[in-house]
Amino acid sequence: NRWLACRSLPPGALERIADTVADWLRIPWFLGSVKVNVSLVPPLVLLPVLLHVAALHFLLGLVILTSLPAVVLWYYYLTHRRKERTLFFLSLGLFSLGYMYYLFLQEVVPRGHVRYSQVVALTCGLILMLIALSRAKKDPGYLPLPASVEKSPRQDLPNKSVRGSSNGLHGVTVSGAASGRAVNGEVKSYSRMLAEEPESVKKDWCAKCQLVKPARAGHCRLCGRCVRRLDHHCVWINSCVGEQNHQAFILALSFFMLTAVYGITLTLHTICRGRTPFLALFYCPGAYSDYSSALSFTCVWYCAIVTAGMGYILLIQLLNISYNVTEREARLALRDHTGRRLLGGLVIDTGQYNRGFLCNWGHFLSLGSSPPQRSAEDIV
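The structure presented is a predicted model; accordingly, all values stated were derived computationally and were not measured. (Residues numbered from 1 in each chain as written. Predicted model: local features only at pLDDT ≥ 70, side-chain atom pairs only at ≥ 80, totals over all residues. Heavy atoms only, no water.)

> I would appreciate a short explanation of the overall build of the protein chain in the present structure.
In terms of regular secondary structure, the protein chain is built from 13 helices and 14 strands. Evaluated residue by residue, the protein chain yields a buried proportion of 38% over its 380 residues. Sequence-distant contacts, at least 24 apart, represent 61% of the contacts inside the protein chain between residues at least 6 apart. As displayed, the protein chain offers around 22,600 Å² of accessible surface, 63% of which is attributable to carbon and sulfur atoms. (Helix = DSSP H or I, 4+ residues; strand = E, 2+ residues; numbered from the N terminus. Buried < 20%, exposed > 50% of the residue type's maximum accessible area, 1.4 Å probe, protein only. Contact = heavy atoms within 4.5 Å. Areas by Shrake-Rupley, 256 points an atom, 1.4 Å probe, with all protein chains shown as cover.)

Structure, rendered in structure tokens:
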């Protein structure tokens, strides 16, 4: 009625409509209906439809393959601005891998130009990538929350200041007069004097998690937790990349790049005989001679676009590791104008932890080997 009368919707109406539709999306199961996450549906439905439509004509493929990355980037900025976690990108990545592998076995292998050993090598690369991805999905190095925050996360605690120590661990001092605690009917008072602390130490206190962050740790606003050596929050794995899973993240990206490039090469050698893969990607006269070749060629271009994006992410990660800087530290350095742009702006050198190429990579390869630092509450 409001649409017909050209009246605007009341605040929150679209959110309530979306929640109602999401509640309707349920799958019947033995123990009751299972609710389906709405963000999982678009990749499963739209990706096959768009790829098959793009295979009908060259111009359709050009329009769809150009607009699809733009839509994904728009959705990324929309969710990033709202500080929302979504399974859209993870489901899109996993379904793309599975669907591309299915089409490879269905359309490319039956042509007889791909050997059995090549299929096995491609399958092994895919399996290794999924294993590394599952490891990257685990704990990135979350700092343990204090018991008071876990029991009452919204309760405002007294004002605190942070006291530094020589080994990088900090204690927590409670400002004001002595605080009382009743144990077995007796009152034990704890009084600590408030000391003047440097600004760098005060920045280590996380007001949301109510704990002291170790060096290079950061608070993720999407996960709502502090992570040791936080690099960034990756939407493609729907998790943070930190001290405990950074190596697995790089390994998953590397296996993906090798597997994707190998699969693209095998497909182009099959549908564009006698041409090099790079030349066949831009000029393949027989690609649209039949629908199977057109679909394979369209999927090759889709894989090439995704691989180029992931390759850029991997390049930035490798450069950051070489200079021992995280994405979070690079972003903060740009904001505070404390870093140097190197290699055309691809990497930001803060100079704080850079100890040379070999030492930086040695530090990265040793991540997670040392026991995690205790929380400030445990120290107190």
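> I keep staring at the nonpolar core and nothing clicks. Help me out?
Most often, soluble globular proteins have nonpolar side chains that are buried together. Ile237, Phe249, Ile250 and Phe256 are the most contacted members of the largest nonpolar core, which totals 20 residues. Elements that contribute at least two residues to this core include exactly helix H5 (116-136), helix H8 (246-271) and helix H10 (291-322). Among the elements that take part in this core, H8 stands out by supplying 7 residues, more than any other. In contact with Ile250, not counting residues within four places along its chain, are Leu314, Gln317, Leu318, Ile321 and Phe364. With 17 residues, the next largest nonpolar core counts Leu68, Phe89, Leu92 and Ala294 among its residues. (Core = buried A, V, L, I, M, F, W, Y, C linked by side-chain atoms within 4.5 Å.)

> What should I look at first to understand the UniProt feature "transmembrane region" (unreviewed entry) in the protein chain in this one?
Taking the UniProt record as the reference, the feature "transmembrane region" (unreviewed entry) is found at residues 49-75, 87-104, 116-133, 248-271 and 291-315. The span residues 87-104 is 94% helix and 0% strand, and its two end C-alpha atoms sit 25 Å from each other. (UniProt positions renumbered as here; feature names shortened; annotations may be inferred.)

> Which parts of the structure should I look at to understand unusual backbone geometry?
Negative phi characterises most residues that are not glycine, and trans characterises most peptide bonds. Its identity is not glycine, yet Gln210 carries a phi of approximately 55°, on the positive side. Structurally, the position occupied by Gln210 is in the loop between strand S7 (205-206) and strand S8 (211-212). Assessed through its relative accessible area of 18%, Gln210 is described here as buried. Phi is positive for Asn238, close to 55°, though the residue is something other than glycine. Inspection of the secondary structure assignment puts Asn238 in the loop between strand S11 (232-234) and strand S12 (239-241).

> Sorry if this is basic, but what is going on with the side chain of Gln317 here?
Turning to its location among the elements, Gln317 is positioned in helix H10. A relative accessible area of 2% means that Gln317 is categorised as buried. Each residue touching Gln317, except ones within four places of it in the same chain, is listed here: Asp231, His232, His246, Phe249, Ile250 and Glu327.

> Help me understand the packing of aromatic side chains, please; the structure alone is not making it clear to me.
The relation between two aromatic rings is expressed through the spacing of the ring centres and the mutual angle of the planes. Summed over all chains, the structure comprises 14 aromatic pairs. On the numbers, 6.4 Å between centres and 90° between planes, the contact of Phe58 with Tyr288 is edge-to-face. Taken as a pair, Phe58 in helix H3 (residues 58-81) and Tyr288 in the loop between helix H9 (277-282) and H10 lie far apart in primary sequence, 230 residues in all. Accessibility expressed as a relative area gives 49% for Phe58, which makes it partly exposed. In textbook terms, an aromatic cluster arises when at least three aromatic residues are bridged by ring pairs, as seen for Tyr75, Tyr76, Tyr77, Phe88, Phe89 and Trp236. Arg216 extends its terminal NZ or CZ atom over the ring of Tyr353, reaching a point 4.0 Å from the ring centre. (Phe/Tyr/Trp six-rings, centres within 6.5 Å; stacked < 30°, edge-to-face > 60°. Lys NZ or Arg CZ within 6 Å of the ring centre and 35° of its normal.)

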